[in-house]
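Summary of the model geometry
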Amino acid sequence: MHNKLDSLLAAAGIALPDQQKQQLIGYVELLHKWNKAYNLTSVRDPMQMLVRHIMDSIVVNEHLQGSRFIDVGTGPGLPGIPLAIVRPDSHFTLLDSLGKRVRFLRQVQHELGLKNIEPIQSRVEEFVPNPPFDGVISRAFASMQDMLSWCHHLPVKGEGHFYALKGVRPDDELAALPAGITLKSVIKLQVPELDGERHLIILSAN
């Protein structure tokens with residue numbers, strides 16, 4: 001798995017210290033192990049997890065601004081845990097409503113020694129955080145309209161952003177953004193060995 005990760009990182013032009021690479025592999029191993037009982041992801045092959053979960057998450061890293069983020073509807077920790085591993089100086093709140101997922105996240109936190117994540121079990125619309133975040137991140141969580149509706153109460157610092165990880169460019173959703181939301185950028189992401197398109201949508205609240 002080390003060789004596979006190294007080749008994927010090289011193809012993406014991403015350099016990581018050995019410790020972070022080991023943590024990413026450790027996360028995949030835990031996800032593969034727990035997946036058999038908890039059904040956390042439809043991806044069964046650890047090598048495919050490296051492509052579809054690890055790389056698909058960390059290619060977003062260079063586009064994030066700030067140091068405090070919340071990953072809403074994180075599921076088994078995607079993209080929050082891979083991002084927390086490659087951004088050790090940032091803090092990630094990992095929010096999910098299902099207890100089994102949050103139990104898995106706490107086990108990952110313990111086994112990998114991640115000090116910069118905080119798994120929380122809650123529905124996003126009921127979660128009241130403090131202090132504000134620099135960014136709200138969602139991956140395969142909902143439409144952007146639903147994300148903004150459910151997350152509008154999450155305090156985002158003055159220059160904070162909403163980051164939506166999408167597949168094909170969601171032009172219909174972009175055309176229907178609610179009042180008070182500004183589209184900052186649409187970034188086409190390059191994920192080595194991944195079939196299909198990936199886009200990062202960056203939004204800000206006026």
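Criteria and thresholds
Residues numbered from 1 in each chain as written. Predicted model: local features only at pLDDT ≥ 70, side-chain atom pairs only at ≥ 80, totals over all residues. Heavy atoms only, no water. UniProt positions renumbered as here; feature names shortened; annotations may be inferred. Helix = DSSP H or I, 4+ residues; strand = E, 2+ residues; numbered from the N terminus. Rg over C-alpha atoms; globule rule 2.2 N^0.38 Å. Buried < 20%, exposed > 50% of the residue type's maximum accessible area, 1.4 Å probe, protein only. Contact = heavy atoms within 4.5 Å. Areas by Shrake-Rupley, 256 points an atom, 1.4 Å probe, with all protein chains shown as cover. Pairing = 2+ DSSP bridges. Right-handed = clockwise from strand over helix to strand, strands pointing away. Phe/Tyr/Trp six-rings, centres within 6.5 Å; stacked < 30°, edge-to-face > 60°. Axes fitted to C-alpha atoms, helices over the stretch in contact; angles between N-to-C directions. Left-handed = near helix turned anticlockwise from the far one by under 90°. Nonpolar A, V, L, I, M, F, W, Y, C, P; charged D, E, K, R; others polar. Expected span 1.5 Å × (residues − 1).

- Per an unreviewed UniProt entry, the recorded name for the protein is Ribosomal RNA small subunit methyltransferase G, and the organism is Rahnella perminowiae.
- Recorded in UniProt for the protein, the comment headed Sequence similarities (unreviewed entry) runs: "Belongs to the methyltransferase superfamily. RNA methyltransferase RsmG family."
- Regarding the protein, the UniProt comment filed under Catalytic activity (unreviewed entry) reads as follows: "guanosine(527) in 16S rRNA + S-adenosyl-L-methionine = N(7)-methylguanosine(527) in 16S rRNA + S-adenosyl-L-homocysteine".

**Things to note about the overall build of the protein**
- Along the protein, the regular secondary structure elements total 7 helices and 7 strands.
- By the compact-globule yardstick of 17 Å for 206 residues, the protein fits well, its C-alpha radius of gyration being 16 Å.
- Within the protein, the proportion of its 206 residues that are buried is 52%.
- Long-range pairs, those at least 24 residues apart, make up 66% of the contacts in the protein between residues at least 6 apart in sequence.
- Accessible area of the protein: about 9600 Å², with a carbon and sulfur share of 47%.

**Brief notes about the pairing of strand β3 (residues 117-121)**
- Strand direction decides the pairing type here: strand β2 (residues 91-96) and β3, joined by 5 bridges, are parallel. In the sheet register, D96 faces β3, and the bridge partner there is Q121.
- Tracing the backbone out of β2, into helix α5 (residues 99-112) and back to the parallel element β3 gives a crossover that is right-handed.

**Thoughts on the packing of aromatic side chains**
- Enumeration according to the criterion identifies 5 aromatic pairs in this entry.
- Summarising the aromatic geometry, the rings of W34 and Y38 are spaced 4.8 Å apart at their centres and angled 55 degrees between planes, so their arrangement reads as tilted. With W34 and Y38 both in helix α2 (residues 18-38) and 4 residues apart, this pair spans about one turn of that helix.
- A relative accessible area of 17% places W34 in the buried class.
- Here the aromatic cluster, defined as three or more aromatic residues joined through ring pairs, consists of Y27, W34, Y38 and F104.

**Considering unusual backbone geometry**
- Residue P79 is reached from L78 by a cis peptide bond, and omega for that bond is 5 degrees.
- Its place among the elements puts P79 in the loop between β1 (68-72) and α4 (80-86).
- Note the cis peptide between N130 and P131, where omega equals 0 degrees.
- Inspection of the secondary structure puts P131 in the loop between β3 and β4 (133-139).
- One non-glycine residue with positive phi stands out, namely N39, at about 50 degrees.
- Of note, N39 is situated in the loop between α2 and α3 (46-58).
- Positive phi, normally seen in glycine, also occurs at E193, with a value near 65 degrees.

**Thoughts on the environment of P76**
- Mapped onto the elements, P76 comes out in the loop between β1 and α4.
- For P76 and K166, which are 90 residues apart along the polypeptide, the C-alpha to C-alpha distance reads 18 Å.
- Setting aside its immediate chain neighbours within four residues, P76 contacts Y27, L31, L40, I81, F104 and L105.

**Quick notes on the packing of α2 against α3**
- The geometry of α2 relative to α3 is characterised by a closest axis approach of 10 Å and an angle of 115 degrees between their N-to-C directions. The chirality of how α2 crosses α3 is right-handed. Facing α2, whose interface residues are L24, Y27, V28, L31, H32 and N35, α3 presents P46, M49, L50, H53 and I54.
- Each residue belonging to the contact of α2 with α3 can be placed in one class, and the counts come to 8 nonpolar, 3 polar and no charged.

**Quick notes on α5**
- The end-to-end C-alpha separation of α5 is 20 Å, in line with the 20 Å expected for 14 residues at 1.5 Å each.
- Restricting attention to buried positions, one finds in α5 the residues G99, V102, F104, L105, V108 and L112.
- Tucked into the core, α5 has its buried residues touching α2, α4, β2 and β3.

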